[in-house]
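Here is how the chains run, residue by residue.
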Amino acid sequence: MGLSVLLAVGCSTATSPQPDMPTSSASRQDAPGSAHTACPDTAPVSTSSVPAAVRNFDKKLAWYGVDGLWVAKPRPPDHTGEREEGYRTKYASMTLDDQGRVTDQKGAPRVDVERLDGSGSVRGSTGGFATAEGGRQWWPTVIEFPEPGCWRVTETLGSAEVRFTVHVAAR
């Protein structure tokens, strides 16, 4: 059995209501009767609201974030190759200082993943602070989903919190 994933991403602050209750005009749920109504889709932050340091990392990416924590829209997962089931998704997480510059001084974000339509949780991981050509810097972030379902990913860094929902569908 293989898995396919539909990513639904959004962000919130630590004091926001639970993610199944969209609270801003940037949030939108799937249309009633759609296949993933139980796993709500949240629109990315508008390009004009993304800090320059984040936008300049890769102008083609959609971003989700608040304050000093920004997350690139995760790539579709690939098979981990480590077992028959389970998929891995990779994306960039970025941490900013008070002047809006990319920094590693605040440490890596914490990545918690909880299944919303059943029991289960996993921990995402961040690699070391990476630097690539042109001085681009980020935290490489990886999540391995063990089974199909609706999963809520919560990244935190201090009081900043970014949440997104990933629908992992069996194919």
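Shown above is the structure to which this text applies.
Right, let's walk through the structure included here. Bear in mind the structure is a predicted one, so any value in this text is a computation, not a measurement.

Looking at the overall build of the protein
Phase 1: Scanning the protein for helices and strands turns up one helix and 13 strands.
Phase 2: Starting at the N terminus, the α and β elements of the protein follow one another as β-β-α-β-β-β-β-β-β-β-β-β-β-β.
Phase 3: Every one of the 171 residues in the protein was classed for burial, and the buried ones make up 40%.
Phase 4: Taking all contacts inside the protein whose residues are at least 6 apart in sequence as the whole, residues at least 24 apart take part in 57%.
Phase 5: Taken as a whole, the protein presents about 8800 Å² of accessible surface, with 49% of it coming from carbon and sulfur.

So, the pairing of strand E12 (residues 149–157)
Phase 1: Burial of E12 is extensive: eight of the nine residues sit out of reach of the surface.
Phase 2: Across six bridges, strand E7 (residues 110–115) lies against E12 in antiparallel orientation. Following the sheet pairing, Arg115 is matched in E12 by Trp151.

Topic: the side chain of Thr141
Phase 1: With respect to the element layout, Thr141 can be found in strand E11 (residues 137–145).
Phase 2: By relative accessible area, Thr141 is classed as buried at 1%.
Phase 3: Here Trp139 takes part through its backbone oxygen, which lies 3.0 Å from a polar atom of the side chain of Thr141.
Phase 4: If sequence neighbours within four positions are ignored, Thr141 has contacts with Thr89, Lys90, Tyr91, Ala92, Ser93, Val111, Ser125, Thr126 and Glu155.

Cut-off values and rules
- Residues numbered from 1 in each chain as written.
- Predicted model: local features only at pLDDT ≥ 70, side-chain atom pairs only at ≥ 80, totals over all residues.
- Heavy atoms only, no water.
- Helix = DSSP H or I, 4+ residues; strand = E, 2+ residues; numbered from the N terminus.
- Buried < 20%, exposed > 50% of the residue type's maximum accessible area, 1.4 Å probe, protein only.
- Contact = heavy atoms within 4.5 Å.
- Areas by Shrake-Rupley, 256 points an atom, 1.4 Å probe, with all protein chains shown as cover.
- Pairing = 2+ DSSP bridges.
- Polar contact = N/O pair within 3.5 Å; in protein donor to acceptor, adjacent residues only side chain to side chain.

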